[in-house]
Amino acid sequence: KAGVTQTPRYLIKTRGQQVTLSCSPISGHRSVSWYQQTPGQGLQFLFEYFSETQRNKGNFPGRFSGRQFSNSRSEMNVSTLELGDSALYLCASSDGLAGRLFSYEQYFGPGTRLTVT
Amino acid sequence: SQQGEEDPQALSIQEGENATMNCSYKTSINNLQWYRQNSGRGLVHLILIRSNEREKHSGRLRVTLDTSKKSSSLLITASRAADTASYFCATDPSMNYGGSQGNLIFGKGTKLSVKP
């Protein structure tokens, strides 16, 4: 099976612009989660989509949004970019089955390195 | 907020030695997972241990879980230079009904350096 793919791999934007990142999950996986990784805050959960619906959301401002398509591919959008949004954005896919009996094991893509100047 | 806290933050050893990393967490969990990240790349899943398990092995990896102390350890035996990476523990917190919260909570990681 092909792994999780993310595009683009690198991106440079200026403050005030908006950006869209894309993630294609492993075939058959219906859940896509997004994480932001910075040296100061570490890995922080942004949101999770399952079957085109946002199922969980982390503690990020409304400038961060996402969506999922019927083929499970997901996009995340950041509007009005700030310098502090510079980070590695990681996408992870899983089968999305939550509950005591299931593992919620996640498979990560290589990430998109966003630099805001 | 960070649930898992890894200890130590950095570890430097020689090839062939064993490396032990510890993780502590705060809430009840369904499972705890360990991931490896090479230099700013994506995370690779290493091993998952469920809350009703105490120890698990996978190749050179051994993970223990003590739910009474809310702690876990990852042991890498006979380390190699290729093991140089950051290691993260991630918890799947359980809800009151026993189900999953639906997202993993990561610690800040242990940076392991294995010198040849």
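Residues numbered from 1 in each chain as written. Chains lettered and ligands numbered in written order. Predicted model: local features only at pLDDT ≥ 70, side-chain atom pairs only at ≥ 80, totals over all residues. Heavy atoms only, no water.

## A short note on the overall build of chain A
Argument step 1. Check the secondary structure of chain A and you find zero helices and 11 strands.
Argument step 2. Each helix and strand of chain A, ordered N terminal to C terminal, gives the series β-β-β-β-β-β-β-β-β-β-β.
Argument step 3. Its C-alpha atoms put chain A at 45 × 25 × 25 Å along the principal axes.
Argument step 4. For chain A, the share of sequence-separated contacts (at least 6 apart) that also reach a separation of at least 24 residues comes to 56%.
Argument step 5. With 12 positive and 7 negative side-chain charges, chain A shows a separation of 3 Å between the mean positions of the two kinds. (Helix = DSSP H or I, 4+ residues; strand = E, 2+ residues; numbered from the N terminus. Contact = heavy atoms within 4.5 Å. Lys, Arg positive; Asp, Glu negative; His and termini not counted. Charge placed at Lys NZ, Arg CZ, Asp CG, Glu CD.)

## A short note on the confidence of the model for chain B
Argument step 1. Of the residues in chain B, 90% have a pLDDT of 70 or more, and the chain-wide mean is 89.
Argument step 2. When mean pLDDT is taken per element in chain B, strand β7 (residues 61-66) of chain B scores highest with 98 and strand β1 (residues 5-7) of chain B scores lowest with 82. (pLDDT = per-residue confidence, 0-100.)

## Notes on the sheet that holds strand β1 (residues 5-7) of chain A
Residues and elements named next belong to chain A.
Argument step 1. Strand order in the open sheet made by the four strands is β1-β3-β8-β7, with antiparallel pairing throughout. Of all strands in the sheet, those with a lone pairing partner are β1 and β7 (64-68), marking the two edges. For this sheet the average axis-to-axis angle between neighbouring strands, irrespective of direction, equals 20°.
Argument step 2. Pairing geometry for β7 and strand β8 (residues 74-78), over five bridges, is antiparallel. Bridge assignment links Q68 to a residue of β8, and that residue is S74. (Pairing = 2+ DSSP bridges. Axes fitted to C-alpha atoms, helices over the stretch in contact; angles between N-to-C directions.)

## Things to note about the state of the cysteines
Argument step 1. This structure, assessed with the given rule, holds two disulfides over all chains.
Argument step 2. Between the sulfur atoms of A:C23 and its disulfide partner A:C91 the distance amounts to 1.7 Å. The chirality of the disulfide connecting A:C23 with A:C91 is left-handed, given an S-S dihedral of about -45°. Here A:C23, found in strand β3 (residues 19-24), pairs with A:C91, found in strand β9 (residues 87-94); they are 68 residues apart in sequence, far enough to count as distant.
Argument step 3. For A:C23, a relative accessible area of 0% gives the class buried.
Argument step 4. Judged by relative accessible area, A:C91 falls into the buried class, the value being 0%.
Argument step 5. The side chain of B:C23 participates in a disulfide bridge whose partner is B:C89; the two sulfur atoms lie 2.0 Å from each other. Between B:C23 and B:C89, the S-S torsion sits near 65°, and that sign places the bridge as right-handed. Taken together, the positions of B:C23 in strand β3 (residues 19-24) and B:C89 in strand β9 (residues 85-93) put the pair 66 residues apart, joining distant regions of the chain.
Argument step 6. You can call B:C23 buried: its relative accessible area is 2%.
Argument step 7. Exposure remark for B:C89: the relative accessible area of 0% places this residue in the buried category. (Disulfide = S-S within 2.5 Å. Buried < 20%, exposed > 50% of the residue type's maximum accessible area, 1.4 Å probe, protein only.)

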